[in-house]
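Descriptive structure summary
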Amino acid sequence: MEKRRAPKLGTGKPEAETDSSAPTPHAGYLEGYLLIATPLITESCFAHAVIYICAHNQSGAMGLVINHTIQNLSYGDIFTQLNIDGDRYDRGTA
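Residues numbered from 1 in each chain as written. Predicted model: local features only at pLDDT ≥ 70, side-chain atom pairs only at ≥ 80, totals over all residues. Heavy atoms only, no water.

So, the pairing of strand 2 (residues 50-57)
To be explicit about the condition: Any two strands with at least two DSSP bridges between them are considered paired. Helical segments are the DSSP runs of H or I of at least four residues, strand segments are the runs of E of at least two, and each set is numbered from the N terminus.
Across three bridges, strand 1 (residues 34-36) lies against strand 2 in antiparallel orientation. Note on strand 2: the bridge partner recorded for Leu-35 is Ile-51.

Encoded structure:
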């Protein structure tokens with residue numbers, strides 16, 4: 001029996017295959033994903049935050065808030081603290 005994809009709503013055309021290059025969670029870890037704060041979070045540094053999860057494993061997690069600015073802090077400063085060659089990434093302030 002041949003398997004067929006259901007048509008995409010409103011088009012009559014089959015849905016595209018899933019992008020295999022997209023990150024997938026590994027055993028519940030979220031490395032490579034964006035977390036978007038729920039509107040219920042209103043009184044913390046995470047209010048309205050979009051966080052890129054840089055690392056997430058059995059040892060813990062690390063992410064960068066990518067939509068809030070910090071005065072006098074550049075990407076180069078962050079990469080230096082993380083021991084990453086940040087010169088090629090530094091295009092302004094974080």
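Still more to cover.
As for the sheet that holds strand 2
Here is the rule: Every angle, taken between N-to-C directions, lies between 0 and 180 degrees, and every axis is a line fitted to C-alpha atoms, over only the stretch in contact when it is a helix.
The strand order 1-2-3 describes an open sheet built from three strands, whose pairing is antiparallel. The sheet is open, and its two borders are formed by strand 1 and strand 3 (60-65), each paired with just one other strand. Adjacent strand axes in the sheet meet at a mean angle of 35 degrees, parallel and antiparallel pairs treated alike.

Some remarks on the pairing of strand 3
Where strand 2 lies against strand 3, six bridges are found, and the strand directions are antiparallel. Within the sheet, the bridge partner assigned to His-56 lies in strand 3 and is Ala-61. Connecting strand 2 to the antiparallel partner strand 3 that follows it, the hairpin turn spans two residues.

Quick look at the confidence of the model for the chain
As a note on interpretation, predicted positions should not be read in detail where pLDDT is low. Put simply, the rule is: On a scale of 0 to 100, pLDDT captures the predictor's confidence in every residue.
The pLDDT averaged across the chain works out to 75; a share of 63% of its residues lies at or above 70. For the chain, per-element mean pLDDT is lowest for helix 1 (residues 75-81), which scores 81, and highest for strand 1, which scores 94.

Describing a nonpolar patch on the surface
In plain terms, the rule: Only residues whose relative accessible area exceeds 30% and that form no salt bridge are eligible for patches; like-charged ones are grouped when within 9 Å, while nonpolar side chains (Val, Leu, Ile, Met, Phe, Trp, Tyr) are grouped when within 5 Å. To be clear on the numbers: accessible area is Shrake-Rupley with a 1.4 Å probe, and residue cover counts the displayed protein chains and nothing else. We count a salt bridge whenever a side-chain nitrogen from Lys or Arg sits within 4 Å of a carboxyl oxygen from Asp or Glu. Between buried and exposed lies partly exposed: a residue is buried under 20% and exposed over 50% of the maximum accessible area for its type, with that area taken using a 1.4 Å probe on protein chains only.
The grouping of Leu-34, Tyr-52 and Ile-66 at the surface amounts to a nonpolar patch, some 280 Å² of accessible area in total. Considering the arrangement of structural elements, one finds Ile-66 in the loop between strand 3 and helix 1. Relative accessible area serves as the criterion here: at 46%, Ile-66 is assigned to the partly exposed category.

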